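In case you want the letters, here they are:
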Amino acid sequence: MAAPRERTASRRSLWWLLGPPVMFCGLLPLANRVDPVVLGMPFLMFWLLLATLLSPVFVRLAAKGDPVWAAARKREQGTQREREAR
């Protein structure tokens with residue numbers, strides 16, 4: 001079994017999952033403005049839309065770099081190929 005430090009070091013990509021909460025909550029006081037107007041929306045509404053659209057990107061980046069997720073996906077694809085071969 002790997003030492004705890006080695007296990008956490010290999011899952012550093014999970015830090016990407018802090019992106020959405022930071023954008024929604026942490027930076028919200030900085031974005032809480034009516035002016036400027038961006039794309040016809042108050043800045044706060046634009047900021048929330050941007051955070052919502054970027055959330056799946058953060059999740060994808062975290063998943064792509066996570067070895068546990070990659071192993072589970074590889075195992076799932078192998079199982080699916082076995083089912084198709086039958």
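Quick caveat, the model's predicted, so the values are computed rather than measured.

## Things to note about the overall build of the protein chain
Stage number 1. Within the protein chain, the regular secondary structure consists of 5 helices and 2 strands.
Stage number 2. N-terminal to C-terminal, the α/β element order of the protein chain is α-α-α-β-β-α-α.
Stage number 3. At a minimum sequence separation of 6, the contacts of the protein chain that also span at least 24 residues come to 58%.
Stage number 4. Carbon and sulfur atoms provide 65% of the accessible area of the protein chain, an area that totals close to 7000 Å².

## Topic: the environment of Phe-43
Stage number 1. Structurally, Phe-43 can be placed in helix α4 (residues 43-65).
Stage number 2. Note: C-alpha distance between Phe-43 and Arg-33 (10 residues apart in sequence) is 5.8 Å.
Stage number 3. Dropping the residues within four chain positions of it, Phe-43 is found in contact with Ala-31, Arg-33, Val-34, Pro-36 and Val-38.

Rules used throughout
Residues numbered from 1 in each chain as written. Predicted model: local features only at pLDDT ≥ 70, side-chain atom pairs only at ≥ 80, totals over all residues. Heavy atoms only, no water. Helix = DSSP H or I, 4+ residues; strand = E, 2+ residues; numbered from the N terminus. Contact = heavy atoms within 4.5 Å. Areas by Shrake-Rupley, 256 points an atom, 1.4 Å probe, with all protein chains shown as cover.

From the geometry alone we can't say anything about function, so treat these as descriptive.
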